[in-house]
Amino acid sequence: MFAHNKRLQYSVHVSECNPGLANLMLEQFGGPQGELAAAMRYFTQALAEEDPGRKDMLLDIATEELSHLEVIGSIVAMLNRGAKGELAEGVAEAAELYRSLQGAGNDSHVTQVLYGGGPALTNSGGQLWSAGYIDSIGDPTCDLRSNIAAEARAKIIYERLINVTDDPGVRDALGFLMTREISHQLSFEKALYAIEPNFPPGKRPGKTEFADVYVNTSQGEGDMRGPWNGDEHFNYVSDREEMLAMDGGDGMARVKTMRPDEEECVAAFATRTASHIDSDPTTGAELGSEET
Ligand code: MN
Ligand code: MN
């Protein structure tokens, strides 16, 4: 069960109302790297997790992310507080109010006017929150790697948001939220390495003859060698003949056995849609380019 505490995980003391800044903050409320996405990601992973330690961790972090959602949503609400009042009471001339919400060319006229100044489940561009932001697949090594990357992205978005405001209260709260993503990343990394082995993901080993091959498919000036394709770990293949049909076969696609009626239908289809290679059809494009 969930219970709610009236106090936030971190105090939100916004210096002054700023609808434009509120709009940017929505990125971490209802955006792809935001707190709702993080909470739903870990909560749903936790429900299916078999390992008691990871289940506990995922529930702890999911619940903390909901607490972050509350913090960032409160930042949005406080930054919009003045605009919300003005919108509701209609104190200014319509055009003047609209301009004041639009601020420095941001999209807050969408999120503030249409959502009444409350924190909308959208990103800063007004894009609706989507469950498609979550890419869980039910394999702990894959999901942990994705979680590590998700925390890294969330950290970077907070960093960018801190860089665009000089409001000390907002910067302080964002600094806290950013820091918590660092500690989540640490937990997820530790949890990943606590699974042995964790690479490759899954149960089946790869085909050994292809596992350490580096295929130099983009060739020419700019070809580089580094640890990602070095001779110590990789068989570096540049020869086109070696890449084409790496199985050593003819590299063609075929079906071994087809029913006679299937064969017949495919042949009929091919005949019906065959190119007449000796024809010279007149096209609309040609007609259009004729001088009149
Ligand atoms: Mn968070
Ligand atoms: Mn996090």
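Residue positions are counted from 1 within each chain, in the order its sequence is given. All chains are assigned letters beginning at A, and all ligands numbers beginning at 1, according to the order in which they are written. Per-residue local features are limited, in this predicted model, to residues with pLDDT of at least 70; the limit for side-chain atom pairs, both in listing and counting, is 80 or more; totals at the level of whole chains, interfaces and linings are taken over all residues. To get the side-chain values, all heavy atoms of the structure are used, and hydrogens and water are removed first.

## Structural notes on the overall build of the protein chain
Thinking step 1. Within the protein chain one finds 13 helices and 2 strands.
Thinking step 2. Between the two quantities, the radius of gyration covers C-alpha atoms and the globule rule is 2.2 Å times the number of residues to the power 0.38. For a compact globule of 292 residues, the expected C-alpha radius of gyration is about 19 Å, and the protein chain comes in at 28 Å, more than 25% above that figure.
Thinking step 3. Seen through its principal axes, the protein chain has C-alpha atoms that stretch 75 × 75 × 50 Å.
Thinking step 4. Whether two residues are in contact is decided by their heavy atoms: any pair within 4.5 Å suffices. Within the protein chain, counting contacts between residues at least 6 apart in sequence, those at least 24 apart form 71% of the total.
Thinking step 5. Surface accessibility follows the Shrake-Rupley procedure with a 1.4 Å probe radius. Residue values consider only the protein chains on display as shielding. For the protein chain, the exposed area adds up to about 19,000 Å²; of that, 55% sits on carbon and sulfur atoms.
Thinking step 6. Where the 24 positive side-chain charges of the protein chain centre and where its 47 negative ones centre are 8 Å apart. Working definition: helices are DSSP H or I runs of at least four residues, strands are E runs of at least two. Numbering for both runs from the N terminus. When charges are counted, neither His nor the chain ends are considered; positive counts come from Lys and Arg and negative counts from Asp and Glu. Where a charge lies is defined by one atom per residue type, namely NZ (Lys), CZ (Arg), CG (Asp) and CD (Glu).

## A few points about the domain arrangement of the protein chain
Thinking step 1. Segmentation of the protein chain into domains returns domain 1 (19–193) and domain 2 (205–271).
Thinking step 2. Residue ranges for the domains originate in an automatic or database domain assignment. Computed from C-alpha coordinates alone, the two centres of domain 1 and domain 2 are separated by 42 Å.

## What about the pattern of salt bridges?
Thinking step 1. Put simply, a salt bridge is a Lys or Arg side-chain nitrogen that is within 4 Å of an Asp or Glu carboxyl oxygen. Counted according to the given criterion, the structure contains 8 salt bridges.
Thinking step 2. We note a salt bridge from Arg54 to Glu49, for which the minimum N-O separation is 3.1 Å. The same class applies to Arg54 as to Glu49, namely buried.
Thinking step 3. A salt bridge links Glu262 to Arg259, with the shortest nitrogen-to-oxygen separation between them at 3.3 Å.
Thinking step 4. Three or more residues are tied together by salt bridges with common partners; here these are Arg259, Asp261 and Glu262. Accessible area is worked out with a 1.4 Å probe on protein chains only. A residue is then buried under 20% of its type maximum, exposed over 50%, and partly exposed in between.

## Describing the packing of aromatic side chains
Thinking step 1. The rule is short: rings of Phe, Tyr and Trp, with Trp giving its six-membered ring, pair when the centres are within 6.5 Å, and they are stacked under 30 degrees, edge-to-face over 60, tilted in between. Under the counting rule described, the total for this entry stands at 6 aromatic pairs.
Thinking step 2. With a centroid separation of 6.3 Å and an interplanar angle of 80°, the aromatic rings of Tyr214 and Phe234 are classed as edge-to-face. Here Tyr214 is found in strand 1 (residues 213–215), whereas its partner Phe234 is found in the loop between strand 1 and strand 2 (235–237), with 20 residues between them in sequence.
Thinking step 3. Here, a charge over a ring means that NZ of Lys or CZ of Arg falls within 6 Å of the ring centre while also lying within 35 degrees of the ring normal. The aromatic ring of Tyr236 is capped on one face by Arg225, whose charged end is 3.6 Å from the ring centroid.

## Some points on empty space enclosed by the protein
Thinking step 1. As defined here, a cavity is a set of points on a 1 Å grid over the protein atoms alone where a 1.4 Å probe fits but cannot get out. A pocket is an open set with protein on both sides within 12 Å along at least five of seven lines, and residues line them when an atom is within 4 Å of a point. Grid points are joined across faces, edges and corners, and a volume is the space filled by probe spheres set on the points. Summed over the entire model, instances satisfying the criterion amount to 1 cavity of 30 Å³ or more.
Thinking step 2. Considering only enclosed or pocket space, the largest cavity measures out at about 90 Å³ in volume.
Thinking step 3. Surrounding the largest cavity, 15 residues form its lining, Pro32, Gln33, Gly34, Ala38 and Ala150 being those nearest its centre.
Thinking step 4. Sorting the residues of the lining of the largest cavity by element identifies helix 3 (35–48) and helix 8 (140–163) as the ones contributing at least two each.
Thinking step 5. Ranked by residues supplied to the lining of the largest cavity, first place goes to helix 3 with 5 residues.
Thinking step 6. A per-class count over the lining of the largest cavity returns 7 nonpolar, 2 polar and 6 charged. Any residue outside Ala, Val, Leu, Ile, Met, Phe, Trp, Tyr, Cys, Pro, Asp, Glu, Lys and Arg is labelled polar, Gly included; the first ten of those are nonpolar and the last four are charged.

## Looking at the coordination of the manganese ion (ligand 1)
Thinking step 1. Coordination partners: N, O, S within 2.8 Å of the metal, 3.2 Å for Na, K and Ca; water not considered, so apparent gaps in a site are possible. Every protein donor of the manganese ion (ligand 1) is accounted for by Glu35 (OE), Glu35 (OE), Glu65 (OE), His68 (ND1) and Glu181 (OE), and the metal-donor separations fall at 2.0 to 2.6 Å.
Thinking step 2. Mapped onto the sequence, the residues coordinating the manganese ion (ligand 1) show the spacing E-x29-E-x2-H-x112-E.
Thinking step 3. Between the manganese ion (ligand 1) and the manganese ion (ligand 2), a separation of 3.6 Å is found, and both are coordinated by Glu65. Residue Glu35 is located in helix 3, and its partner His68 is located in helix 4 (residues 52–79); the two are separated by 33 residues in the primary sequence. Neither Glu35 nor His68 differs from the other in exposure class; each is buried.

## Some points on a nonpolar patch on the surface
Thinking step 1. Together, Tyr98, Val113, Leu114, Tyr115 and Leu128 give the surface a local cluster of nonpolar side chains, amounting to about 510 Å² of exposed area.
Thinking step 2. Under the relative-accessibility criterion, Tyr115 is labelled partly exposed at 38%. For patch detection, residues must exceed 30% relative accessible area and be free of salt bridges, and they are connected within 9 Å for like charges or within 5 Å for nonpolar side chains (Val, Leu, Ile, Met, Phe, Trp, Tyr).

## Thoughts on the coordination of the manganese ion (ligand 2)
Thinking step 1. Note on the manganese ion (ligand 2): its protein donors are Glu65 (OE), Glu151 (OE), Glu151 (OE), Glu181 (OE) and His184 (ND1). The metal-donor distances range over 2.0 to 2.4 Å.
Thinking step 2. Mapped onto the sequence, the donors of the manganese ion (ligand 2) take the spacing E-x85-E-x29-E-x2-H.
Thinking step 3. Overall, His184 belongs to the buried group, its relative accessible area being 2%.

## Some remarks on the packing of helix 4 against helix 9 (residues 168–193)
Thinking step 1. Put simply, helix 4 and helix 9 touch, their axes get as near as 11 Å, and they point 165° apart. Here helix 9 runs roughly antiparallel to helix 4, going by the angle between their axes. In terms of crossing hand, the pair formed by helix 4 and helix 9 is left-handed. For the pair helix 4 and helix 9, the contacting residues are Met57, Leu58, Ile61, Glu64, Glu65, His68, Val71, Ile72, Ile75 and Leu79 in the first and Val170, Ala173, Leu174, Phe176, Leu177, Arg180, Glu181, His184, Ser187, Phe188 and Ala191 in the second.
Thinking step 2. Class assignment for the residues of the contact of helix 4 with helix 9 results in 14 nonpolar, 3 polar and 4 charged. Under this scheme, a helix contributes an axis fitted over its contacting stretch, all axes are lines through C-alpha atoms, and angles between N-to-C directions fall in the 0 to 180 degree range. For classification purposes, angles smaller than 35 degrees are called roughly parallel, those larger than 145 roughly antiparallel, those between 65 and 115 roughly perpendicular, and all remaining angles oblique. For any pair of crossing helices, the crossing counts as left-handed if the nearer helix is rotated counterclockwise from the farther one by less than a right angle, and right-handed if it is rotated clockwise.

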